[in-house]
Amino acid sequence: MTVASVPDAAAALQRRRDRRRMLVPLALAQFICSFAGSNMTVMIQDISEDLDTTVQGVQVAITAFLLVMAALMIPAGTLTVRFGRKRCLVVGLSVYGIGALISAVAPGLGVLILGNSILEGIGTALLIPPVYILTTLLFTEVTDRARAFGAIMAMGGIGAAAGPLLGGLITSAISWRAAFVFQAAVVAVIILLSRHLVDPLPVDTDRDFDTVGAILSAVGLILVVMGILATDDNGWLAGGLLLVGALVLVAFFRWIRAKERAGAQPLLPTELFRNRTSNLGLITQHTQWLMLMGISFVVAAYLQVVRGYDAISTGVIFSASTVGLLATSLGAERFAKRREQRTLVMTGFAVTVCGICLLIAMAHGSPSAWSFAPGLLLIGLGLGVMLTPSVNIVQSSFPEDLQGEISGLSRSVSNLGSSVGTAIAGTILVADPSVGPYAVSLVVLAAIGLGGLAAASMLPRTPAPTHPAKTTGPRQRRS
């Protein structure tokens, strides 16, 4: 090594350390959002009794949170361009933290809805797109980006899986209110760590905001999510809501196309929908989150309703999937160096489907809780293998000036997958087929997984192109 190369090596090492330090708050932000989305399920009974309301009332709060988040995710992604990625992240975290504190002291259901459903929903919609945009911009190489997204996906998986366990422990040991205080404390730590974040791109204060497009996309997504959530209660209502929601989304697409043809700036550019690789990646993302939430819902319901396990015991059993997801997510960089992203996504679907089959085979009729572990472990391994490359494929399919838009769209597609997975499982369980509702639900989810495998097989064999972040000069306004 020459004398001149020593400072270069030291500078490169420092840059890697700086990027790792910036990754910590991004991964923790994904963790707390995933944790909050799953820990409410074990607190429903305690909240309803303490606030003198019904279980259905608390479920309304959970549903309202999903609706607010679904309505605002796409518009929030575009706001990052106008106000900056780091600023939107910090503002989103602050709004989320305030909502958590309000929820912790809520005297009744109305205040809980204000804190948890509205403020935490707004905060989540504001902070999640910047997590993915900043990761894409800060980590420009495929393997580095895979490692970064692997850490974020791992923390998201840990948050989702640990939510029922940790939420149950906090609720049992202290109170359900302490679980919201815990969320606020973690948010405060993330804001403190975010001081080290650097936004690679300048803000575009001239960026127009498409108000009509935002309203159409919000109304359409709200109606679609409401229709999905209504499937296990009223089929006709669900069908009507889904139809109207689809029509509104069609009107949204026609609006942005007309606005683009007129030379104006729409909420989402139509080129986002013309990229075949990205479209296939979005399908795999949707399917993965559908399977993740659907399997979690079915297995949790079976363990608690049929086997009689409490929330804490259920969370312990789910730790098998958490271990699998964590192991493969953290190995994302190593996998990206050795295998194409298409291969990783296909392998993930195949392993997950095998895990579902093993879960059905071993858990059926066995009194031991350990019979769930092998299947859940395989499911976790499979999901961990493919979550990161799917995100990488989508984010890497577009240059820096479209990262805000594609991040909002990507998160909306994933959230819809979560809602669809829960709705499909819930509808089958309510229908109670004679051959066994839990087994039928898992078989249906496995069949959907095969569909995801088919979509993954159509991805290009070469990795999606990596668009390096350009940090010089303002973003050019598209005309």
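As a reminder, the structure under discussion sits directly above these lines.
Here's what I pulled together on the structure shown here. Everything numeric here is computed off the predicted structure, so don't read it as measured data. (Residues numbered from 1 in each chain as written. Predicted model: local features only at pLDDT ≥ 70, side-chain atom pairs only at ≥ 80, totals over all residues. Heavy atoms only, no water.)

Quick notes on a nonpolar patch on the surface
A contiguous nonpolar surface patch, about 290 Å² in accessible area, is contributed by Leu243, Val244 and Leu247. If you trace the backbone, Leu247 turns up in helix α9 (residues 235–261). (Patch = residues over 30% accessible without salt bridge, like charges linked within 9 Å, V, L, I, M, F, W, Y side chains within 5 Å. Areas by Shrake-Rupley, 256 points an atom, 1.4 Å probe, with all protein chains shown as cover. Salt bridge = Lys/Arg side-chain N within 4 Å of Asp/Glu carboxyl O. Helix = DSSP H or I, 4+ residues; strand = E, 2+ residues; numbered from the N terminus.)

Topic: empty space enclosed by the protein
Within the structure shown, the criterion is met by 4 cavities of 30 Å³ or more. Of the voids in this model, the largest cavity is the one considered here, and its volume is about 60 Å³. Of all the secondary-structure elements, those providing two or more residues to the lining of the largest cavity are α1 (5–39), α6 (142–173) and α10 (276–306). Its residues assigned to classes, the lining of the largest cavity shows 6 nonpolar, 4 polar and no charged. (1 Å grid on protein atoms, 1.4 Å probe; cavity = no way out; pocket = protein on both sides within 12 Å on 5 of 7 lines; lining within 4 Å. Points joined across faces, edges and corners; volume = space filled by probe spheres on them. Nonpolar A, V, L, I, M, F, W, Y, C, P; charged D, E, K, R; others polar.)

Describing helix α7 (residues 176–193)
Compared with the 26 Å implied by 1.5 Å per residue over 18 residues, the 27 Å span of α7 between its first and last C-alpha is a close match. Those residues of α7 that fall on the buried side of the exposure criterion are Trp176, Ala178, Ala179, Phe180, Gln183, Ala184, Val186, Val187 and Ile190. Structurally, the start of α7 carries an N-cap: the backbone nitrogen of Arg177 is 3.1 Å from a side-chain oxygen of Ser175. (Expected span 1.5 Å × (residues − 1). Buried < 20%, exposed > 50% of the residue type's maximum accessible area, 1.4 Å probe, protein only. Polar contact = N/O pair within 3.5 Å; in protein donor to acceptor, adjacent residues only side chain to side chain.)

Brief notes about the pattern of salt bridges
In this structure the tally under the stated criterion is 2 salt bridges. Ionic pairing is found between Arg177 and Asp50, a salt bridge with its closest N-O pair at 3.3 Å. Residue Arg177 is found in helix α7, and its partner Asp50 is found in helix α2 (residues 44–50); the two are separated by 127 residues along the sequence. Among the residues examined, Asp50 registers a relative accessible area of 41% and is labelled partly exposed. In this structure, Asp199 and Arg85 form a salt bridge, with 3.0 Å as the shortest nitrogen-oxygen distance. Taken together, the residues span a long stretch of sequence, with Asp199 in the loop between α7 and α8 (211–229) and Arg85 in helix α4 (residues 85–104) at a distance of 114 residues. Of the residues examined, Asp199 reaches a relative accessible area of 22% and is grouped as partly exposed.

Looking at the packing of aromatic side chains
In the structure shown here, the tally under the stated rule is 7 aromatic pairs. Taking the centre distance of 6.0 Å and the plane angle of 25° together, the rings of Phe31 and Phe35 count as stacked. Placement of both Phe31 and Phe35 in helix α1 is noted, with a separation of 4 residues, approximately one turn of the helix. Looking at Phe31, the relative accessible area reads 11%, which means it is buried. Aromatic pair Tyr302 and Phe372: ring centres 6.0 Å apart, planes at 50°, arrangement tilted. With Tyr302 in helix α10 and Phe372 in the loop between α13 (341–363) and α14 (373–395), the pair connects residues that are 70 residues apart, well separated along the chain. By the ring-pair criterion, three or more aromatic residues cluster together here, those being Phe31, Phe35 and Phe182. For Arg411, the ring lying beneath its charged end belongs to Tyr132, and the centroid distance is 4.1 Å. (Phe/Tyr/Trp six-rings, centres within 6.5 Å; stacked < 30°, edge-to-face > 60°. Lys NZ or Arg CZ within 6 Å of the ring centre and 35° of its normal.)

A look at the layout of surface pockets
Roughly 400 Å³ of volume is contained in the second largest pocket. Along the walls of the second largest pocket sit 18 residues, with Leu249, Phe273, Leu409, Val413 and Leu416 positioned nearest its centre. When residues of the lining of the second largest pocket are traced back to their parent elements, those giving at least two are α8, α9, α10 and α15 (403–431). Grouping the constituent residues of the lining of the second largest pocket by class yields 15 nonpolar, 3 polar and no charged.

Side note on the side chain of Asp210
Take Asp210: it is sitting in the loop between α7 and α8. One buried charged side chain, Asp210, makes no salt bridge at all; its nearest oppositely charged neighbour is Lys259, positioned 4.4 Å away. Apart from residues no more than four positions distant in its own chain, Asp210 is found in contact with Trp255, Ile256, Lys259, Gln265, Pro266 and Leu267. (Lys, Arg positive; Asp, Glu negative; His and termini not counted. Contact = heavy atoms within 4.5 Å.)

As for the side chain of Thr135
Among the secondary structure elements, Thr135 is positioned in helix α5 (residues 109–138). Here the side chain of Thr135 touches Val131 through a polar contact of 2.6 Å, landing on its backbone oxygen. Dropping the residues within four chain positions of it, Thr135 is found in contact with Leu26, Ala148, Phe149 and Ile152.

Let's talk about α13
An α-helix turns once per 3.6 residues; consequently, residues spaced three or four apart project the same way. Its 23 residues place the ends of α13 32 Å apart at the C-alpha level, agreeing with the 33 Å of an ideal helix rising 1.5 Å per residue. Within α13, burial applies to Gln341, Arg342, Leu344, Val345, Gly348, Phe349, Thr352, Val353, Gly355, Ile356, Leu359 and Ala363.

Comments concerning the packing of α10 against α13
Helix-helix packing: each pair is described by the crossing angle between the helix axes and the interaxial distance. Taken N-terminus to C-terminus, the directions of α10 and α13 make an angle of 15°; their axes are 12 Å apart at the nearest point. Judged by the angle between their axes, α10 and α13 are roughly parallel. The two elements α10 and α13 cross, and the hand of that crossing is left-handed. For the pair α10 and α13, contact is made by Thr284, Thr287, Gln288, Met291, Ile295, Val299 and Tyr302 and by Val345, Phe349, Thr352, Ile356, Leu359 and Ala363, respectively. Its residues assigned to classes, the contact of α10 with α13 shows 9 nonpolar, 4 polar and no charged. (Axes fitted to C-alpha atoms, helices over the stretch in contact; angles between N-to-C directions. Parallel < 35°, antiparallel > 145°, perpendicular 65-115°, else oblique. Left-handed = near helix turned anticlockwise from the far one by under 90°.)

A few points about unusual backbone geometry
Look at Asp52: it is not a glycine, yet its phi comes out positive at around 55°. Of note, Asp52 is situated in the loop between α2 and α3 (55–83).

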